[in-house]
Amino acid sequence: MKQTIGILLSLLLVGTSWSQTEGEINKKVASLISRMTLEEKIGQLTLYTSGWDQTGPTLRSEYMEDVRSGRCGNLFNAHTAEYNRGLQKVAVEETRLGIPLLFGYDVIHGYKTIFPIPLAEACSWDMNLIEKSARLAAKEAAAAGLHWTFNPMVDISRDPRWGRIAEGAGEDPYLGGLIAAAKVKGHQGEELSDPSTLLACVKHFAAYGGAQAGRDYHTVDMSDRVLRETYLPPYKAAIDAGAATVMTAFNEVDGVPATGSKYLMEDILRKEWDFDGFIVTDYTAINEMVPHGYALDNQHAAELAINVGVDMDMQGAVYQNHLEKLVLEGKVSEDDINASVSRILKYKYKLGLFDDPYRYSDAEREKEVVFSKEMMDHSLEAGRKSIVLLKNISVNGKKLLPIDPTTKNIAIIGPLGNNKEDQLGTWHASGDVNKAITLFEALKTALPNANISYTEGCKTSGADQSGFKDALEAARKADIIIMAIGEDYRQSGEAASRSELGLPGKQQALLEAIHQLNKPIVSVVMAGRPLTIGWMEDNLSAIVYAWHLGTMAGPAIADVLLGAYNPSGKLVITFPRNVGQIPIYYSMKNTGRPFDANNKYTSKYLDVENTPLYPFGYGLSYTDFEYSNLRMSNKTLNGDGSINVNIQVKNTGALKGVETIQLYTQDLVGSVTRPVKELKDFRQIELSPGESKVVSFTITSDDLRFHTQNMEYKAEPGKFTLYIGGNSVDVLSADFEYKN
Ligand code: BGC
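No experiment lies behind these values; they were computed from the predicted model shown. (Residues numbered from 1 in each chain as written. Predicted model: local features only at pLDDT ≥ 70, side-chain atom pairs only at ≥ 80, totals over all residues. Heavy atoms only, no water.)

Trainee: What should I look at first to understand the overall build of the protein chain in this one?
Mentor: Within the protein chain, the secondary structure is distributed over 21 helices and 28 strands. Taking 27 Å as the expected radius of gyration for a compact globule of 740 residues, we find that the protein chain reaches 27 Å, a close match to that expectation. Along the longest, intermediate and shortest principal axes, the C-alpha atoms of the protein chain span 85 × 65 × 45 Å. Put simply, of all contacts in the protein chain between residues at least 6 apart along the chain, 78% involve residues at least 24 apart. Accessible surface computed for the protein chain: about 27400 Å², of which carbon and sulfur atoms make up 48%. Charged side chains in the protein chain number 75 positive and 93 negative. The centres of these two groups are separated by 3 Å. (Helix = DSSP H or I, 4+ residues; strand = E, 2+ residues; numbered from the N terminus. Rg over C-alpha atoms; globule rule 2.2 N^0.38 Å. Contact = heavy atoms within 4.5 Å. Areas by Shrake-Rupley, 256 points an atom, 1.4 Å probe, with all protein chains shown as cover. Lys, Arg positive; Asp, Glu negative; His and termini not counted. Charge placed at Lys NZ, Arg CZ, Asp CG, Glu CD.)

Written as structure tokens, this is what we have:
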């Protein structure tokens, strides 16, 4: 009887069509809220893990009871069409009002079919590709009962010690903003009412990537100017692209935990940026305001969070346990709770869940979509485009790469050469390890007539060298050795900060032992972050940076090694020579004593060069590109006008290739000092051997804006230099003046 009333009531309350206008939805939401008890309202502000996957400390296992009683309106880490259908049935049929559950999950770079980790994929500089990855991941996840992904993670980071650098788009705010927007569009599609879309959740607001010394969850302290110029732009870009939800960060900013920050949540997010979606906390982030030293106890923490407009409590149970009392005590207004509830319910309506709560749990669709050809093909394409060729020099007049397909004996050595799970990388959701194809498997398929051996050599951690003997033996028999080395999937991501960035375990010793044999070595580095690989740069003739590329990592790397795909990736993060150089990034300031090798009293180290190992924007191809004829339509940019900039790019090598042409500017004098270079635009072109193209850019005063001394966001008149090239260092330059 109770069930029937639940269904009838929900039908009565919500109408039937899911393509509804904003006004219609608002009316329905208001009507529903008017019938809800305070306890039911708080239930809608509560999000618990299903206990299936676990992504943090589990505080509650009674979540099913909470769902049944309407005290928990949202779940995460529950997935598959069948499982979620069962949970939804409880919410819809057994609760008083039959309000459907919202199911969230960390679909970061794929749900079952895994695409490259975000840091890798950003190296493609290909917004269509990135949007498509997000679209396809949504398609797969949505068929498996999910409505909401905790993605994109848009935290800028300039510290590769921080393990979560793997989840972001690197160091640059402009590129990070474009990528953030592409991902939101990909996840949310054209219309949220389309059941192949997911709500996006931009995270972690704000500045989580600025953790001191790269230690996860650590203090963030920066000037408002740096916050606004370097860290905030990607969140803003995601909001402008329509992101439905925002996740608060664990960290504090300027002494205030983000989850209790009026400045971040109210002043910036709601008021300046007009964000009208809902805000969810990170995992127990409200509770953590107690150890932060900002709240007395959980009740106080709940009060602080709700009063800055944080709508949903992830896993902390503080809203569930304390909000009712806070309302009774007059410390929290029920109107504010109603506003939060309405922001959440609005999306349940937009997704069409009140009309058909099971429309996302579709076992048939799930079967069709998961691991479909479309998914696997895309995993391969995204993998190829994410790989960055760092070095490929000629030895005895010949480059090692691409590998000659007639090579007879190939030895793959190293812990990453045949490991299905590690290549999936951090946060690989529900990625099926068995579907992953390793480098060893892929090379055997690609070169059926070659003798290809695989030897692990050592693990990614520990001091065991007993595998060296077999590895050396295999290497001795080989014409070419592929060292598949780097990090396993647990060595980057959340709670995976490192203080040393060399190859972990005994891999460096293994590499050096093999190198002693004086045989041709290609090193393929699979990792979740930049590693300090100076020894490789000094001693090897070919280095491929392959990150963690997902399900089709093996075939993608094999295609690059064999030349079936000409590498095109460009670094989105500066590679340091050693840990002591961190933070090192391309958009540094000049200082009052810029580096001068002949003057001791200039800004430098005694024991390492000032330059990075590999700069931002860097990446080689099997062909060469020549830049010439940098031309500007005008040397003066007037007011609202524009300048046209042309550059000629020629493929001077023997293979067709893709080049990413990058445009940077430098504001020479400002009311505050400006970086030596700032990325403003880029183009990607494909050129056949001998072909050349003129590439055009337009510069307007919008490109020159920054936060001036009195924090106005505008361009200041004066002299500028622009730089164009294939990375942030090898550039052609020209000067211009801006007059307003
Ligand atoms: C992470 C978030 C993630 C959440 C839910 C947290 O530990 O910081 O990025 O979305 O767990 O799994």
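Still to come is the rest of the account.
Trainee: Help me understand the pattern of salt bridges, please; the structure alone is not making it clear to me.
Mentor: Any two side chains of opposite charge can pair if their charged atoms end up close together. Taken as a whole and assessed by the stated rule, the structure comprises 42 salt bridges. Its salt-bridge partner being lysine 236, residue aspartate 240 comes within 2.8 Å of it at the nearest N-O pair. With aspartate 240 and lysine 236 both in helix α9 (residues 224-240) and four residues apart, the pair spans about one turn of that helix. One salt bridge in this structure joins aspartate 681 and arginine 683, with 3.2 Å as the shortest N-O distance. Each of Glu22, Asp276, Lys346 and Lys350 takes part in salt bridges that share partners, so that together they form one network. (Salt bridge = Lys/Arg side-chain N within 4 Å of Asp/Glu carboxyl O.)

Trainee: What am I meant to see in the domain arrangement of the protein chain here?
Mentor: One frequent convention defines the size of an interface as the accessible area lost when the parts assemble. Per the domain assignment, the segments of the protein chain are domain 1 (2-366), domain 2 (376-581) and domain 3 (625-739). Using only C-alpha atoms to locate each centre, domain 1 and domain 2 end up separated by 36 Å. Of the residues lining the interface, 46 residues belong to domain 1; the matching set on domain 2 comes to 43 residues. Taking both sides of the interface into account, the surface hidden between domain 1 and domain 2 amounts to around 3300 Å²; carbon and sulfur atoms contribute 62%. Of all residues in domain 1, the largest losses of buried area upon contact with domain 2 belong to Ile114, Cys123 and Arg161, amounting jointly to 18% of the total for that side. Run the count over domain 1 and domain 2 and you get two salt bridges. The partner of glutamate 494 in a salt bridge is arginine 164, and the shortest N-O contact between them spans 3.6 Å. (Domains from an automatic or database assignment. Buried area = accessible area lost by both parts, 1.4 Å probe.)

Trainee: How should the sheet that holds strand β16 (residues 480-486) be read in this particular structure?
Mentor: Through backbone hydrogen bonds, the strands of a sheet pair up, either in parallel or in antiparallel fashion. Pairing is mixed across the open sheet formed by six strands, whose spatial order is β11-β18-β17-β16-β14-β15. Two strands close off the open sheet at either side, each with one partner strand: β11 (388-392) and β15 (451-455). Geometrically, the sheet is characterised by an average inter-axis angle of 15° between neighbouring strands, direction not taken into account. Bridge count between strand β17 (residues 521-526) and strand β18 (residues 542-545): four bridges; the pairing is parallel. Looking at the pairing, valine 525 lines up with tyrosine 545 of β18. Across the sheet, helix α18 (residues 468-477) lies against β14 (409-413), β15 and β16, angled at about 155° from β14, the strand it touches most. Running over the sheet, helix α19 (residues 507-515) touches β14, β16 and β17 and is turned about 170° from β16. (Pairing = 2+ DSSP bridges. Axes fitted to C-alpha atoms, helices over the stretch in contact; angles between N-to-C directions.)

Trainee: Could you clarify how one ought to interpret the environment of threonine 652 in this entry?
Mentor: Along the chain, the position of threonine 652 falls in the loop between β21 (642-651) and β22 (657-667). Taking relative accessible area as the criterion, threonine 652 reaches 41% and is therefore assigned partly exposed. Sequence separation of threonine 652 and glutamate 691 is 39 residues, and the distance between their C-alpha atoms is 7.8 Å. Contacts of threonine 652, omitting those with residues within four sequence positions, involve Asp624, Phe625 and Glu626. (Buried < 20%, exposed > 50% of the residue type's maximum accessible area, 1.4 Å probe, protein only.)

Trainee: Would you mind going over helix α7 (residues 127-143) with me for this structure?
Mentor: An α-helical segment advances 3.6 residues per turn. Residues three or four places apart therefore align on the same side. Taking 1.5 Å as the rise per residue, α7 with 17 residues should run 24 Å; its terminal C-alpha atoms sit 24 Å apart, in good agreement. Among all positions in α7, only Met127, Leu129, Ile130, Ser133, Ala134, Leu136, Ala137, Ala138, Glu140, Ala141, Ala142 and Ala143 are buried. On its buried face, α7 is in contact with α5 (81-94), α6 (118-122), α8 (173-188), α15 (363-369), α16 (373-386) and β23 (678-687). Put simply, aspartate 126 is the residue that caps the front of α7, since its side-chain oxygen is 3.1 Å from the backbone nitrogen of asparagine 128. Count one or two residues on from α7 and you reach glycine 145, which has phi positive near 90°. (Expected span 1.5 Å × (residues − 1). Polar contact = N/O pair within 3.5 Å; in protein donor to acceptor, adjacent residues only side chain to side chain.)

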